Each structure stands twice: as C-alpha cells, then as structure tokens.
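Each chain is listed here by its residues.
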Amino acid sequence: CKETPEECFETTQAMWTNHCLQDGDSDFPATLTTKETDIIVQKGFGTFVDAYSAFADNTKRLKSDLDSTLKSLGVDTLFVVGIATDYCVYYSALDALELGYTVKVVKDATRGIAE
C-alpha cells in the first residue's frame, strides 16, 4: 500500500475541508522553542484514506515512522497535545496505548472540534 496506495483503496478521502495545509496555516508559532534535534512527524498525506492518528492511517495499513522513531530513542511515555481532541489527539492516544506507551493527554493544550 505504501508504494501504490491507489491499488489498496477504492475511494479518495474527502471528509474534511482543507486545514493545516503545508502551504497555509500549518507553521509552528514563532514563539515555539525548537532545537535541531527535534523530530517532526508529518501525517495526512494520503489521497485515498485519512489519517487521524500520528501513528497510522485510519485503516492502519500505512504506518508513519513515529513508533519506530520513538522506540529507537527509548521513549515510553507520551504527552499528547493538539487539535482536535475528538479526532487526531484521540486516535493518536489510542494507537499509542495499543503500542504499549504510557499516554498523558494535556487537556489545556488540546481542543476538540465541537468546543
């Protein structure tokens, strides 16, 4: 599926309107402290299936590098933040739990669609 996704999925995903676009509003704020050692995992590139979780697409056929990266660094606890609590944060936290991580969702650093 990773090499030829058009052969794995029968439809294109079209549930959400465009948001967090690479050429739009997806930049980090200027006030965010970053380091050269920071690792940025991008998701949601699939034309054929959406990816709420940072670990995999919604069918769990296509996995991101996040799990292998975290495990190679010896990370076992995750503090999950972001938008939307009821979709991306929720599914990322669930997948992290399934993969054996201790997960903490930081409530004042998340927000849901309905909020």
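Residues numbered from 1 in each chain as written. Predicted model: local features only at pLDDT ≥ 70, side-chain atom pairs only at ≥ 80, totals over all residues. Heavy atoms only, no water.

A. Local environment of the pairing of strand 2 (residues 102–111). The pairing of strand 1 (residues 77–83) with strand 2 spans six bridges and is parallel. Its bridge partner lying in strand 2, Ile-83 is registered against Arg-111. In the classification by handedness, the crossover that spans strand 1, the intervening helix 2 (residues 85–98) and the parallel strand 2 is right-handed. (Pairing = 2+ DSSP bridges. Helix = DSSP H or I, 4+ residues; strand = E, 2+ residues; numbered from the N terminus. Right-handed = clockwise from strand over helix to strand, strands pointing away.)

B. Seen up close, the packing of aromatic side chains. Enumeration according to the criterion identifies four aromatic pairs in this entry. Judged by centre distance (4.9 Å) and plane angle (85°), the ring pair of Tyr-90 and Tyr-91 falls under edge-to-face. Classification of Tyr-90 by relative accessible area gives partly exposed; the value is 41%. Site record: aromatic cluster; members linked through ring pairs are Tyr-52, Tyr-87, Tyr-90 and Tyr-91. (Phe/Tyr/Trp six-rings, centres within 6.5 Å; stacked < 30°, edge-to-face > 60°. Buried < 20%, exposed > 50% of the residue type's maximum accessible area, 1.4 Å probe, protein only.)

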